[in-house]
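Chain by chain, the residues:
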Amino acid sequence: MSTVSMEPLLYRSVRESVRYAPISRTFKPSSWSCSTNHKLVFHARSFCNFRSSNVHALRASTTTDTDIFETLESTDVFFKETFPLKRKETVEGKIFIRLDQGQNNGNWQLTVGCNLPGKWILHWGISRAEDGGSEWDQPPDEMRPGGSIPIKDYAIETPLKKSLSSEGDALHEVKINLIPKSAIAAINFVLKDEETGAWYQHRGRDFKVPVADYLLDDGNLVAAKRSFRVWPGALGPLSNLLIKAEVSRANGSESSNESREAEQKSRSLEGFYEEQPIAKQVAFDNSVTVSVRKCPETAKNLLYVETDLPGDVFIHWGVCRDDAKTWEIPDAPHPPETVSFRDKALQTRLQPKEKGDGCSGLFTIEEGLQGFLFVLKLDKGTWLKCMENDFYIPLSRSSSLLAKSRQDLPESAQIPESAQIPEKNAKANEEASLSAFTNGIINDIRSLVTDISSEKTRKNKSKEAQESILQEIEKLAAEAYRIFRSSIPTFTEEAVVEFEKKPKSPVKISSGTGTGFEILCQGFNWESHKSGKWYLELKKRASELASIGFTVIWLPPPTESISPEGYMPRDLYNLNSRYGNVDELKEIVKIFHEVGIKTLGDTVLNHRCAHYQNHNGIWNIYGGLLNWDDRAVVADDPHFQGRGNKSSGDNFHAAPNIDHSQDFVRKDLREWLRWLRKEIGYDGWRLDFVRGFWGGYVKDYLEASEPFFAVGEYWDSLNYTYGEMDHNQDGHRQRIIDWINATNGTAGAFDVTTKGILHSALERCEYWRLSDHKGKPPGVVGWWPSRAVTFIENHDTGSTQGHWRFPGGKEMQGYAYILTHPGTPTVFYDHIFSHYRSEIAALISLRNRNEIHCRSTVQITKAERDVYAAIVDEKVAVKIGPGHYEPPSGSQRWSLAVEGKDYKVWETSQ
């Protein structure tokens, strides 16, 4: 949908990952204040190193814990791992707005800037004098700075450029030249940070800089009539007030428009400067490395922890004796500056390193313990954990190997393929390491089997615990089999025999799912209307789209519209649009039916543009066959003075929201949808902006029109904290689920949750986001897959609008995900007819031949920092991300079917 709502949405993707040191040259303490608030941050996959190294020579300098640790024989090293740590600090700065005279006398310049790092965008527009400064509009071309991009028909976006203040501080700012004696009443803007997706407003509303002195102060005016004041800082003394009218108001007999024209002609501007505080969380990347070696003299474990975290770092730690990971305090000796914490754990202050940044600590751990547990604590109560769990370090060779295959350990602790078998030196060393590795697994399997079979265990352990142990045995057996088969191919191409597929069993068709095997194509983009012959263009593509494997095509809005894209409809029965005329529409629907593709009409039921003004000059009276009056408009949208009931959803604001509680409105819309089905031949609907009205009305319309398939666009912001996307998006997907429930399941909904999570996962290399806290897909597809219509791009988010563009160069990872997972996948037109075409076609072919459908089952097998992997219906395995993954060996034989940049898809061969 083409939305013009002024609500700031936090769903923007992160365009690039920028790292900052805690103290940056860009920021000087004298120029701004900074308060640090730490936050628990999830981190990602670790990097393991099991390879031995040479013996370190003794140092001549003073002996430290590090020296003692490094002098031990390298053969005693059995564990070393580096865990990435991600933390946030809240930094404070300012947004500044300045109006002063430009270089040419008579010209004025508005400067908007910010002194915090980021990729800042000014989202802005103007208000005109004739409408009292209440509506946004695009500024004239001569006001637009270089690099500005139009946003629909109401605003533009201009990137802020870096500059330096007189004190040398880094600033981001943009300068706008004002047109003297124009009809512009105000400049409206919102500042957007592309890096975090955050929008910054003024007192919860848009900034409004008045350039006319008659504007009422509605609470968001900037520099609204104050006395002169001197501001401290590099910018020097700047005045605060801007407008003075040189003529008095017209007499009461004169119209308000006439008086405003007089003021526009005679007003003069005066400079001002104003600041607004701003806070932003900046990400910092650190790490902690843990090494464990066996002391040859005492046989105790020496565990060395080092980190590059700044400031005081405390390690909150303990040990455990079994898989339950119950914390307990180990016997002394303990490191210096160690205190007991509630008799359950110890807390030790890590010591600053003599060379380099960071701190470290050496811990002596007695024999007979299975693991070392810890979390890190910074100042002000900031705790750093391992993927929301305690850090766990195995304290023996066998347990370190076993730990790598345990389900309850962080995925980040798994051994990279390259590190499982040392590659150094002679073949004998390699074989010895391999033998030790496999013997350890075999011994662990025997120990677990003995444990689970004992009478005592059967009495004490629950059924769930025993099943968990059995699962671990299966994993260890699979790992042993993988090693056994690693040197020879599992099968040859000659051994793969095509098998005859069983015919699909009859399925019940539902408007919420179609057959369940649908693959949807969005058949247009934001620019498609410009040719005036889009239906004729699609006519040439129909057979081609059918051959790729699409079963449904979403056609553009067919109705006569105020906006050429079709999303501001006026006369609903007039189907001559900028995409073509009604006869061309009928013909293209007929052609798609001939090639076996169903068609969806893009219906805008939330709002409708009026034909006439009421006695107050408000556009809320309709013409055409549906000649409604203002009773059809909701009463709680102040822009359109409706006499209907209050809205059952969110107002659209750019056009009158229709009151669906009115019987005559619902009757007319039911008849219109039935007419479209019969007259045009549409098979179903894409429903625009369904957030604006209750889903129960949708149920009424769908039951009346009986579509083959229907999908609603329920779009709102994902959940963010200080501009950072939350890992838990249950609240967001629940709102979409609630709307589907209100329709009684008669419609599906676009899975906006999955799109947003894919953005963060792929852009920031945080693939762990693709598994929720229960190990299921984190979007709507994880809760109600049959009603989830998945997508990565559409006409609003991509194309030339680019409101929420998918991470560049990673589109095929997104398609590898949605085309192998349950739900109904949607492919964007621009991607089909691009260099991605062959890869998309291959994925669609794989989906069809493996009969993946909207209710297919997903088993997530890996969700780490740099890799996500899952098995679907036990027939297809998919991996996305730069990390390594191979599907498990066993009774199933996997063959690589589709492969591209950072993704692979396998299918079983019988």
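Residues numbered from 1 in each chain as written. Predicted model: local features only at pLDDT ≥ 70, side-chain atom pairs only at ≥ 80, totals over all residues. Heavy atoms only, no water.

Asks: Explain the nonpolar core here, please?
Replies: One recurring pattern in soluble globular proteins is that nonpolar side chains are buried together. Phe550, Leu585, Phe592, Leu770, Tyr815, Tyr868 and Ile880 are the most contacted members of the largest nonpolar core, which has 112 residues in total. Among the nonpolar cores identified, the runner-up in size contains 33 residues, and Trp120, Val174, Leu191 and Ile278 belong to it. (Core = buried A, V, L, I, M, F, W, Y, C linked by side-chain atoms within 4.5 Å. Buried < 20%, exposed > 50% of the residue type's maximum accessible area, 1.4 Å probe, protein only.)

Asks: I tried to follow the side chain of arginine 733 on my own but got confused; where do I start?
Replies: Following the sequence through the fold, arginine 733 ends up in helix 12 (residues 730-742). Judged by relative accessible area, which is 0%, arginine 733 ranks as buried. In terms of polar contacts, arginine 733 uses its side chain to reach the backbone carbonyl oxygen of proline 777, at 3.1 Å. A distance of 2.8 Å separates a polar atom in the side chain of arginine 733 from the backbone oxygen of glycine 779. Setting aside residues no more than four positions away along its own chain, arginine 733 makes contact with Thr753, Asp772, Pro777, Pro778, Gly779, Val780, Gly782 and Trp783. (Helix = DSSP H or I, 4+ residues; strand = E, 2+ residues; numbered from the N terminus. Polar contact = N/O pair within 3.5 Å; in protein donor to acceptor, adjacent residues only side chain to side chain. Contact = heavy atoms within 4.5 Å.)

Asks: When you look at the pattern of salt bridges in this model, what are you seeing that I'm missing?
Replies: Two side chains that carry opposite charge are able to pair once their charged atoms sit near each other. Following the criterion strictly, the structure yields 43 salt bridges and no others. Ionic pairing is found between lysine 385 and aspartate 390, a salt bridge with its closest N-O pair at 3.8 Å. The exposure class of aspartate 390 is partly exposed, given its relative accessible area of 28%. Among the ionic pairs, lysine 530 bridges to glutamate 527, the shortest N-O distance being 2.5 Å. One connected set of salt bridges, linked through shared partners, spans Lys86, Glu724, Arg764, Glu766 and Arg769. (Salt bridge = Lys/Arg side-chain N within 4 Å of Asp/Glu carboxyl O.)

Asks: Even after reading the chapter, I still don't get the packing of helix 8 (residues 534-548) against helix 9 (residues 582-594), so can you show me in this structure?
Replies: Two quantities define a packed helix pair, namely the angle between the helix axes and the distance between the axes. Following both chains from N to C, one finds helix 8 and helix 9 inclined at 0 degrees, their axes separated by 9 Å at the closest point. Considering their axes alone, helix 8 and helix 9 lie roughly parallel with respect to each other. Of helix 9, the residues touching helix 8 (which contributes Tyr535, Leu536, Leu538, Lys539, Ala542 and Leu545) are Glu584, Leu585, Glu587, Ile588, Ile591 and Phe592. (Axes fitted to C-alpha atoms, helices over the stretch in contact; angles between N-to-C directions. Parallel < 35°, antiparallel > 145°, perpendicular 65-115°, else oblique.)

Asks: Would you explain the packing of aromatic side chains in this entry?
Replies: Both the distance between ring centres and the angle between the ring planes are used here to describe each pair of aromatic rings. Scanning the model with the defined rule gives 25 aromatic pairs in all. For the ring pair phenylalanine 363 and phenylalanine 372, a centre distance of 5.6 Å and an interplane angle of 55 degrees mean the geometry is tilted. With respect to class, phenylalanine 363 is no different from phenylalanine 372; both count as buried. In textbook terms, an aromatic cluster arises when at least three aromatic residues are bridged by ring pairs, as seen for Phe524, Trp554, Tyr579, Trp715, Phe750, Phe791 and Trp804. One residue, arginine 608, lies across the ring of tryptophan 628, its end atom 4.9 Å from the ring centre. (Phe/Tyr/Trp six-rings, centres within 6.5 Å; stacked < 30°, edge-to-face > 60°. Lys NZ or Arg CZ within 6 Å of the ring centre and 35° of its normal.)

Asks: I'm lost on the environment of tyrosine 815 in this one. Help?
Replies: Its place among the elements puts tyrosine 815 in helix 14 (residues 811-818). Residues tyrosine 815 and threonine 790, 25 residues apart in the sequence, show an inter-C-alpha distance of 9.6 Å. The residues contacting tyrosine 815, other than those within four sequence positions of it, are Ile792, Thr826, Val827, Phe828, His831, Ile840 and Leu843.

Asks: Can you walk me through the sheet that holds strand 37 (residues 868-872) in this structure?
Replies: The pairing of strands in a sheet comes from backbone hydrogen bonds and takes either a parallel or an antiparallel form. Overall, antiparallel pairing links the 5 strands, which are arranged 36-37-38-40-39 in an open sheet. Each having just a single partner strand, strand 36 (858-863) and strand 39 (894-900) make up the two edges of the open sheet. With direction set aside, neighbouring strand axes in the sheet form an average angle of 15 degrees. Pairing geometry for strand 39 and strand 40 (residues 903-908), over 6 bridges, is antiparallel. The residue bridging tryptophan 894 from the neighbouring strand is threonine 908, located in strand 40. (Pairing = 2+ DSSP bridges.)

Asks: Sorry, what's going on with the sheet that holds strand 33 (residues 748-750) here?
Replies: Strand order in the closed barrel formed by 8 strands is 24-25-26-29-30-33-34-35, and the pairing between neighbours is parallel. Strand-to-strand, the axes of this sheet are offset by a mean angle of 25 degrees, without reference to chain direction. Sheet topology places strand 30 (residues 709-712) next to strand 33; 2 bridges connect them, and they run parallel. Residue pairing across strands places valine 711 opposite glycine 748, the latter belonging to strand 33.

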